[in-house]
Amino acid sequence: MAETPDDVLFESFDFDDVSLDNRVGLAPMTRTSATDDGRATEQMARYYAKFARGGFSFLVSEGVYTDHEYSQGYLNQPGLVTEDHVESWQQVTDAVHEAGAPIFAQLMHAGAISQGNPHADETVGPSAVQPVGEKSGLYGGEGEFETPRELLTKELVGIRQSFVAAARNAEEAGFDGVELHAANGYLLNEFLAADANQRDDEYGGDVENRVRFPAEVLEAVDAELPDGFVVGVRVSQEKVNDDEYRWPGEEGDAEVIFSALSEAGADYIHVTGTDATTPAFGDTGPTLADLAVEYSGDETAVVDNGGLGDPDAARQAIESGSDLVTLGTSALSNPDWPKQVAAGEDPDPFDFEEILLPKATIGDHEVPDADVASLDD
Ligand SMILES: Cc1cc2nc3c(=O)[nH]c(=O)nc-3n(C[C@H](O)[C@H](O)[C@H](O)COP(=O)(O)O)c2cc1C
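Every chain begins its residue count from 1, and numbering advances along the sequence as written. This being a predicted model, a pLDDT of at least 70 is required before a residue's local features are given, and a value of 80 or more before pairs of side-chain atoms are given or counted; all residues contribute to the totals for chains, interfaces and linings. The side-chain quantities take in all heavy atoms of the structure and omit both hydrogens and water.

1. A short note on the overall build of the chain
Point 1. Regarding its fold elements, the chain presents 13 helices and 12 strands.
Point 2. For the C-alpha atoms alone, the extent of the chain along its principal axes is close to 55 × 45 × 40 Å.
Point 3. Two residues form a contact once any of their heavy atoms are found within 4.5 Å. At a minimum sequence separation of 6, the contacts of the chain that also span at least 24 residues come to 72%.
Point 4. Accessible surface is estimated by sampling points in the Shrake-Rupley manner with a 1.4 Å probe; for residues, cover comes only from the protein chains shown. For the chain, the computed accessible surface area is about 14900 Å², with 43% contributed by carbon and sulfur atoms. The numbering of helices and of strands both runs from the N terminus, where a helix is a DSSP run of H or I of at least 4 residues and a strand a run of E of at least 2.

2. Section: the nonpolar core
Point 1. Each nonpolar core is a collection of buried residues, namely Ala, Val, Leu, Ile, Met, Phe, Trp, Tyr and Cys, held together in the definition by side-chain atoms within 4.5 Å. Buried residues are those whose accessible area, probed at 1.4 Å on protein chains only, stays under 20% of the maximum for their type, while exposed residues exceed 50% and partly exposed ones sit between those limits. By size, the foremost hydrophobic cluster in this structure holds 101 residues, and its most contacted members are L80, W89, V178, L180, V221, W247 and F258.
Point 2. Not counting residues up to four positions away in its chain, the partners in contact with L180 are L107, F163, L188, V217, L218, V221, G232, V233 and R234.
Point 3. Formed by 12 residues, the second largest nonpolar core is a distinct cluster that contains V18, V60, F104 and V303.

3. Concerning the UniProt feature "domain: NADH:flavin oxidoreductase/NADH oxidase N-terminal" (unreviewed entry) in the chain
Point 1. As recorded in UniProt, the feature "domain: NADH:flavin oxidoreductase/NADH oxidase N-terminal" (unreviewed entry) lies at residues 9–344.
Point 2. In this annotation, residues 9–344 is assigned 33% helix and 17% strand; the end-to-end C-alpha distance for the span is 13 Å. UniProt positions are given in the numbering used here, feature names are shortened, and annotations may be inferred rather than shown by experiment.

4. With respect to the pairing of strand β4 (residues 58–65)
Regular strands have side chains that alternate between both faces of the sheet.
Point 1. In terms of residue burial, β4 counts as a mostly covered element, since 8 of its 8 residues are buried.
Point 2. Pairs of strands are assigned from DSSP output, requiring at least two bridges between the strands. In this sheet, strand β5 (residues 103–108) lies alongside β4 in parallel orientation, the contact comprising 5 bridges. Bridged to V60 within β5 is F104.
Point 3. Handedness of a crossover: with both strands directed away from the viewer, a clockwise path from the first strand across the helix to the second marks it as right-handed. At this point the chain moves from β4, through helix α2 (residues 83–98), to the parallel β5, and the crossover so formed is right-handed.

5. Quick notes on the pattern of salt bridges
Point 1. Should a side-chain nitrogen of Lys or Arg be within 4 Å of a carboxyl oxygen of Asp or Glu, the pair is scored as a salt bridge. As enumerated under the stated definition, the model contains 16 salt bridges in all.
Point 2. A salt bridge links R23 to E11, with the nearest nitrogen and oxygen atoms 3.7 Å apart. With R23 in the loop between β2 (19–20) and β3 (24–26) and E11 in the segment before β1 (13–14), this residue pair connects regions lying 12 residues apart in the sequence.
Point 3. Since its relative accessible area comes to 11%, R23 is described here as buried.
Point 4. Note on E11: relative accessible area 38%, which makes it partly exposed.
Point 5. Put simply, D312 and R315 hold a salt bridge, and the shortest N to O gap is 2.8 Å. Note that D312 and R315 are positioned in helix α9 (residues 311–319) at a spacing of 3 residues, about one turn of the helix.
Point 6. Put simply, D7, D312 and R315 are held in one network by salt bridges that share partners.

6. Here we look at the sheet that holds strand β9 (residues 230–239)
Point 1. Read around the closed barrel, the 8 strands follow the order β3-β4-β5-β8-β9-β10-β11-β12; overall the barrel is parallel. Between one strand axis and the next, the sheet turns by 25° as a mean value, whatever way the strands run.
Point 2. Pairing of strand β11 (residues 301–305) with strand β12 (residues 324–327), which is carried by 3 bridges, proceeds in the parallel orientation. In the strand pairing of β12, D304 is matched with V325.
Point 3. The strands that α2 touches are β4 and β5; relative to β4, the one it contacts most, it runs at about 165°. Axis lines are fitted through C-alpha atoms, for helices just across the contact stretch, and the angle between N-to-C directions can take any value from 0 to 180 degrees.

7. What about the side chain of T300?
Point 1. If you trace the backbone, T300 turns up in the loop between α8 (288–295) and β11.
Point 2. Polar contact criterion, stated in full: a pair of N or O atoms within 3.5 Å, where within protein one must be able to donate a hydrogen and the other to accept it, and residues adjacent in sequence count only if both atoms are side-chain atoms. A polar side-chain atom of T300 sits 2.8 Å from a polar atom in the side chain of S262.
Point 3. When residues no more than four places from it in sequence are discounted, the contact partners of T300 are S262, A266, D267, Y268 and I269.

8. Points about the site of the ligand
Point 1. Neighbouring residues of the ligand: 18 residues in total, closest P28, T30, R234, N305 and T329.
Point 2. Contacts to the ligand include P28, whose backbone N or O atom sits 2.7 Å from an oxygen atom.
Point 3. Backbone polar atom of G307 to an oxygen atom of the ligand: 2.7 Å apart, as the coordinates give it.
Point 4. Protein chains bury 85% of the 610 Å² of accessible surface belonging to the ligand in isolation.
Point 5. Computed over the protein atoms alone on a 1 Å grid, cavities are sets of points where a 1.4 Å probe fits but cannot get out and pockets are open sets with protein on both sides within 12 Å along at least five of seven lines; a residue lines them when it has an atom within 4 Å of a point. Placement in a cavity or pocket follows one criterion, namely that more than half of the molecule's atoms lie within 2 Å of its grid points. According to the grid-proximity analysis, the pocket containing the ligand is the largest pocket.
Point 6. Partitioned by chemical class, the residues of the shell around the ligand number 6 nonpolar, 11 polar and 1 charged. Throughout, the term near means that a residue has one or more heavy atoms lying within 4 Å of the molecule or strand in question. Each residue is assigned to one of three groups, with Ala, Val, Leu, Ile, Met, Phe, Trp, Tyr, Cys and Pro labelled nonpolar, Asp, Glu, Lys and Arg labelled charged, and all others, Gly among them, labelled polar.

9. Observations concerning α2
Point 1. The terminal C-alpha atoms of α2 lie 23 Å apart, and with 16 residues this matches the ideal 22 Å at 1.5 Å per residue to within 8%.
Point 2. Turning to α2, its buried residues number three or more, namely H85, V86, S88, W89, V92, T93, A95 and V96.
Point 3. Looking one or two residues beyond α2, the residue adopting positive phi is G100, at roughly 100°. In this analysis, the expected span of each helix is defined as 1.5 Å times one less than the number of residues it contains.

Structure (structure tokens):
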């Protein structure tokens, strides 16, 4: 790697027990390439290891389902529920560690926007509100979402426990941490969102109540896992099915949400949206990352994501106060983005059709034979 002494992107960063070589990580991306029963594959091991070899200092896995009830969102999504799941992920974590990076498992309950779950014939959510938008064709879905069944207050205990159990399984499988998925319209995000959450118990209504369940899940996971195991949380306003959605209380909601998640023990808050450089609300004002930096405590790192594939945009995010950035689509088109940028090269633009159509599964061209050989070295 070329010398880059003054580049903020290439400064190291430390969680308590997990050291990162630079500030650029891989964003979580669902690729629906697991076996029918949710086991990670050797192809997935090669796929993830490729980003570690390309210089990404940490990887966040695709969203992984947490129970055999309502959490699975997509067919061929991987899980962290059974011993077979744990064993299957070990080949992935080993390959990534061998290539020199830590990897965090993103734990996801799909909630009302589940569109492929062999374990249930209905969906659940905070309230019986039909999600706007349509199922994703990239993952084999079509048409409207069903109206979910409203979760009973007592069911939330079981869901919280399934996140804890999945986090323990992640640790057993060799992951260095977990990221709770409270972004993009899935269950924990539905609790945060006033349109999806119309509950009248202590988990709905004002923003203090709406953040309660995600914060309780975080606190429970943090309490049950060893100290050095990283526990982060991902937060967005936008949903995969509604990129216009914004919190009604604007900055006041952001203050409550980020401070509650930070106080619940988040080692990092990973904010995301289509374009991280734009104001969180309206035409002017702070970005979502600015608000996370302002309202989370010193013990919580901020990870910024969304449209940061231009190296100067990524640098700007770090210079504005985020600790780390992650790249999604730019990583797919440039699995060695950090190495390229360190060498002064320009990353390639993202080619959606080439990489993600007709389906978002991992293509053989993404894990060529050369990678197999280098893994075996
Ligand atoms: C194919 C694909 C799958 C994705 N799956 C997930 C996911 O499982 N969990 C998640 O939090 N975000 C997911 N995302 C969103 C990305 O993590 C990221 O937030 C988004 O692509 C914007 O960042 P970018 O501009 O760097 O691509 C996905 C994005 C893509 C393109």
